[in-house]
Amino acid sequence: MAQHLKEAPRAQSNAVLDLLNKQVANWSVLYMKLHNYHWNVKGKHFFELHVKLEELYNEAAEHLDTIAERVLSLGGKPIATLKESLAESSLKEAGGEKTETDMVGQVVADFETIIDELGKGVSISEEHDDSPTADMLTGVKASLQKHVWMLKAFLG
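Criteria and cut-off values
Residues numbered from 1 in each chain as written. Predicted model: local features only at pLDDT ≥ 70, side-chain atom pairs only at ≥ 80, totals over all residues. Heavy atoms only, no water. Helix = DSSP H or I, 4+ residues; strand = E, 2+ residues; numbered from the N terminus. Buried < 20%, exposed > 50% of the residue type's maximum accessible area, 1.4 Å probe, protein only. Lys, Arg positive; Asp, Glu negative; His and termini not counted. Charge placed at Lys NZ, Arg CZ, Asp CG, Glu CD. Salt bridge = Lys/Arg side-chain N within 4 Å of Asp/Glu carboxyl O. Expected span 1.5 Å × (residues − 1). Phe/Tyr/Trp six-rings, centres within 6.5 Å; stacked < 30°, edge-to-face > 60°.

Caption draft 1: Expanded view of the overall build of the chain. For the chain, the count of helices and strands is five helices and zero strands. When the helices and strands of the chain are listed from N to C terminus, the series reads α-α-α-α-α. Counting only C-alpha atoms and orienting by the principal axes, one finds that the chain spans roughly 65 × 30 × 20 Å. Taken across its 156 residues, the chain has 40% of its residues classed as buried. Both charge centroids of the chain, one from 16 positive and one from 24 negative side chains, sit 4 Å from each other.

Shown next, in the form of structure tokens:
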């Protein structure tokens, strides 16, 4: 019986660590994509979007650091290379010329992908009695939901 008790937390941790590392990868790719858009945005909303995209990549950096540190606090090792991030991420790099509308639309789509994954991550965390991780993911999800609402309002 004691052996069983020792193995259960490791299995639980692996499920949580896997979902957290997926988010480390997502936020790493998103961080770079938001920078790409910030540097390359053009159009009549340049000033507004340039500032908003900077706000978003700064927030992305905070989420990335928080999630990676959660991985470490659970005894895991966060994904820490671009190659690993691109391989693991649900998101794709920004590529080619994009209009300001295309950029905002892609950010919305990426945020919606992450929102969906965070919802699943909350469930997995709760199944493994990891309320701190569930709470952290819920907070990130709420922030993204607000951004999606605002960005969709911008798009009209």
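Caption draft 2: Inspection of unusual backbone geometry at higher detail. Residues other than glycine seldom take positive phi values, yet Asp129 does so here, at roughly 50 degrees. Look at Asp129 and you get exposed, because its relative accessible area is 70%.

Caption draft 3: View of the pattern of salt bridges. Throughout the structure, instances matching the rule amount to five salt bridges. In this structure, the salt-bridge partner of Lys33 is Asp110, at a minimum N-O distance of 2.6 Å. Here Lys33 is found in helix H1 (residues 2-40), whereas its partner Asp110 is found in helix H4 (residues 100-127), with 77 residues between them in sequence. The exposure class of Lys33 is buried, given its relative accessible area of 3%. Judged by relative accessible area, Asp110 falls into the buried class, the value being 4%. When the shortest N-O distance is used, the salt bridge between Lys120 and Asp116 registers 3.1 Å. Taken as a pair, Lys120 and Asp116 lie in helix H4 at a separation of four residues, close to a single helical turn. On the basis of relative accessibility, which here comes to 44%, the residue Asp116 falls in the partly exposed class.

Caption draft 4: A look at helix H2 (residues 46-73). Helix length check: H2 (28 residues) gives 40 Å between terminal C-alpha atoms against 40 Å at 1.5 Å per residue, within 8%. Just downstream of H2, Gly75 is the residue with a positive phi angle, here 90 degrees.

Caption draft 5: Examining the packing of aromatic side chains more closely. Taken as a whole and assessed by the stated rule, the structure comprises two aromatic pairs. Between Tyr31 and Tyr57 the ring centres are 6.1 Å apart and the planes differ by 85 degrees, which places this aromatic pair in the edge-to-face class. One end of the pair, Tyr31, is in helix H1; the other, Tyr57, is in helix H2, and 26 residues separate them in sequence. Residue Tyr31 is classed as partly exposed on the basis of its relative accessible area, which comes to 30%. Under the relative-accessibility criterion, Tyr57 is labelled buried at 10%. Between Phe46 and Phe47 the ring centres are 5.2 Å apart and the planes differ by 80 degrees, which places this aromatic pair in the edge-to-face class. Among the residues examined, Phe46 registers a relative accessible area of 28% and is labelled partly exposed.

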